[in-house]
Amino acid sequence: MVIEIPKDHPRYESLVIREKIIEGMHQKIVAEAGLIAHGRGEAFDYILGEVTPPFALNQEKLAVITLLRAKNPVISVNGNVAALCSKEIVQLSQILNAPLEINLFYRKPEREIAIKDVLTKAGALQIYGIDPRNQKSIPEISHQRRIVDSRGIARSDCVFVPLEDGDRAMALRNLGKDVVAVDLNPLSRTSLAATVSITNNITRATTELVNFAKNFSKMNIQELEEEKKLLNNETLLQEALKFMSSRLEELASDQKYL
Ligand code: PTJ
């Protein structure tokens, strides 16, 4: 850690996460722009109250069911995800039988190596996206994220894109793939384009997704479909916005803020 955060600090957890991102940048895992992305996320998390609201748990259930029902699900990993929750993302990959693929917006060989190392330390046995022999290009994407693995995203029918930068989610949808996204901003292009959007901090979401995946992976197809019927992505995304706006209204009428 760059600095020691006192345990009694009222925002201890948030500051520890921030330190992980900074440390990740020094280790070349996180892109410099990853720090800015994290700050944008923090602002929305502040509105959520830095805890998982009930609607997000339902979004996470729908996400797990969608990934379990997919034929070839893949988990796309970027720098922020690797720095913040490599252990959970590897666990999720194992439970869902969904390979991990490193796919970066700010693509640099030294970052790919650093991310591969952190995933390997977290227990990953196979990591796609770094072997040039398996590279394929998706012409619908104009930036570096267009380079995908022929064994992974290229052939998948459902891509989990925790913490994304927008247009790829749309391009993947246009290619007929389902997209499961985690983004604290319910109005981002990623959140709006995804098949399933999770409006929660990636650090909490991944732990909860692992737990749901453990339970739901024991269910049969019929049981999963029954659960799915109760959940709707658009309704849940609306709930996310309503939750945020009522939180702001509550805070605005709270005497201690006046
Ligand atoms: O590692 P790379 O090169 O692939 O680059 C990754 C970043 C994140 C830098 C890149 O994808 C990017 O620039 O993303 P954006 O366009 O800044 O979008 C990131 C989105 O993630 C924003 O909508 C943030 O609100 C959201 N976000 C940031 N931190 C978190 C988050 N959502 C959930 N949990 C977080 N911790």
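Right, let's walk through the structure included here. Here the structure is a predicted model, which means the values were calculated and not measured.

### Here we look at the pattern of salt bridges
One pass over the structure, following the stated rule, counts 10 salt bridges. Ionic pairing is found between arginine 107 and glutamate 112, a salt bridge with its closest N-O pair at 3.3 Å. For the residue pair arginine 107 and glutamate 112, the accessibility class agrees, reading buried in each case. In this structure, aspartate 149 and arginine 151 form a salt bridge, with 2.8 Å as the shortest nitrogen-oxygen distance. Judged by relative accessible area, which is 27%, arginine 151 ranks as partly exposed.

### So, the site of the ligand
Around the ligand there are 22 residues in total, and Arg40, Gly79, Phe105, Tyr106 and Arg111 lie nearest to it. Note that an oxygen atom of the ligand is positioned 2.6 Å from one of the side-chain N or O atoms of arginine 40. Between the ligand and tyrosine 106 there is a distance of 2.8 Å, counted from an oxygen atom to a backbone nitrogen or oxygen. In isolation the ligand exposes 750 Å². Once the protein is present, 95% of that is buried. Sort the elements by how many residues they give to the shell around the ligand and helix 2 (residues 32–48) lands first, with six residues. Taken together, the residues that form the shell around the ligand break down as eight nonpolar, eight polar and six charged.

### A closer look at the side chain of serine 188
Mapping serine 188 onto the fold places it in the loop between strand 7 (178–182) and helix 7 (189–193). For serine 188, a relative accessible area of 11% puts it in the buried group. Side-chain polar atoms of serine 188 contact the backbone nitrogen of serine 191, separated by 3.0 Å.

### Thoughts on the packing of helix 3 (residues 54–69) against helix 9 (residues 221–229)
Running from N to C, helix 3 and helix 9 cross one another at 145°; their axes reach a closest spacing of 10 Å. Classified by chirality, the crossing of helix 9 by helix 3 is left-handed. Along its contact with helix 3, which presents Lys61, Leu62, Ile65, Leu68 and Arg69, the element helix 9 presents Ile221, Leu224, Glu225, Glu227 and Lys228.

### Things to note about the pairing of strand 1 (residues 73–77)
Side-chain direction in a regular strand flips from residue to residue, so the side chains alternate between the two faces of the sheet. Of all five residues in strand 1, five are buried, a share of seventy percent or more. Neither face of strand 1 is open: one carries Pro73, Ile75 and Val77, the other Val74 and Ser76, and all of them are buried. Here strand 1 runs beside strand 6 (residues 158–162); their pairing, made up of three bridges, is parallel. Along strand 6, the bridge assignment pairs isoleucine 75 with phenylalanine 160. For the handedness criterion, the β-α-β arrangement of strand 1, helix 4 (residues 79–96) and strand 2 (residues 100–102) is classed as right-handed.

What counts and how
- Residues numbered from 1 in each chain as written.
- Predicted model: local features only at pLDDT ≥ 70, side-chain atom pairs only at ≥ 80, totals over all residues.
- Heavy atoms only, no water.
- Salt bridge = Lys/Arg side-chain N within 4 Å of Asp/Glu carboxyl O.
- Buried < 20%, exposed > 50% of the residue type's maximum accessible area, 1.4 Å probe, protein only.
- Near = heavy atom within 4 Å.
- Polar contact = N/O pair within 3.5 Å; in protein donor to acceptor, adjacent residues only side chain to side chain.
- Areas by Shrake-Rupley, 256 points an atom, 1.4 Å probe, with all protein chains shown as cover.
- Helix = DSSP H or I, 4+ residues; strand = E, 2+ residues; numbered from the N terminus.
- Nonpolar A, V, L, I, M, F, W, Y, C, P; charged D, E, K, R; others polar.
- Axes fitted to C-alpha atoms, helices over the stretch in contact; angles between N-to-C directions.
- Left-handed = near helix turned anticlockwise from the far one by under 90°.
- Contact = heavy atoms within 4.5 Å.
- Pairing = 2+ DSSP bridges.
- Right-handed = clockwise from strand over helix to strand, strands pointing away.

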